[in-house]
Amino acid sequence: MIQLRLIDENGYTVTLPGVETVVTVADDRADETEALLRAEPAEAHAALWRQVARENAEELGGESTSNGRNALAKVAQHDARNYRVTRTPIPAKG
């Protein structure tokens, strides 16, 4: 058995309501499950944080202020392609 954990670009475990981002699977299912975690859950999490970053930039004045422009430049940093999945072997009991 292997525990898979979806990790964001900052090294934190991804949490999304109603979505399991830490799962334990059989060894032969790990690659398939990793691909699933890196797809929809990772993109949903990155999209959420891009939206938060956009809202923050707008509160700082958007394109009309240097702080707003700096904040807008950071929106693209939230990219699901930078997420990773860690694998932790679970020892067999017995």
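For the structure itself, consult the block above.
Because the structure is a prediction, the values reported are computed rather than measured. (Residues numbered from 1 in each chain as written. Predicted model: local features only at pLDDT ≥ 70, side-chain atom pairs only at ≥ 80, totals over all residues. Heavy atoms only, no water.)

Remarks on the overall build of the protein chain
When its secondary structure is counted, the protein chain shows 3 helices and 3 strands. In terms of overall dimensions, the protein chain has C-alpha extents of about 65 × 20 × 20 Å along its principal axes. Here the protein chain holds 94 residues, and 32% of them are scored as buried. The long-range fraction of contacts in the protein chain, counting pairs at least 24 apart against all pairs at least 6 apart in sequence, stands at 61%. Here the protein chain displays about 6300 Å² of accessible surface, and carbon together with sulfur accounts for 51% of that area. The distance from the centre of the 11 positive side-chain charges to the centre of the 15 negative ones in the protein chain is 4 Å. (Helix = DSSP H or I, 4+ residues; strand = E, 2+ residues; numbered from the N terminus. Buried < 20%, exposed > 50% of the residue type's maximum accessible area, 1.4 Å probe, protein only. Contact = heavy atoms within 4.5 Å. Areas by Shrake-Rupley, 256 points an atom, 1.4 Å probe, with all protein chains shown as cover. Lys, Arg positive; Asp, Glu negative; His and termini not counted. Charge placed at Lys NZ, Arg CZ, Asp CG, Glu CD.)

Let's talk about the pattern of salt bridges
When the charged atoms of two side chains with opposite charge come close together, those side chains can pair. Scanning the entire structure with this criterion turns up 5 salt bridges. Of the charged contacts, one joins E32 and R29 as a salt bridge, the two residues approaching to 3.3 Å between their closest N and O atoms. Of the residues examined, R29 reaches a relative accessible area of 41% and is grouped as partly exposed. Of the charged contacts in the structure, one is a salt bridge between R87 and D31, with a shortest N-O distance of 2.6 Å. With a gap of 56 residues between them, R87 in strand β3 (residues 84-89) and D31 in helix α1 (residues 30-38) connect regions that are remote in the sequence. According to the relative accessible area criterion, D31 is exposed, its value standing at 57%. Connected through salt bridges with shared partners, the residues D31, E34 and R87 form a single ionic network. (Salt bridge = Lys/Arg side-chain N within 4 Å of Asp/Glu carboxyl O.)

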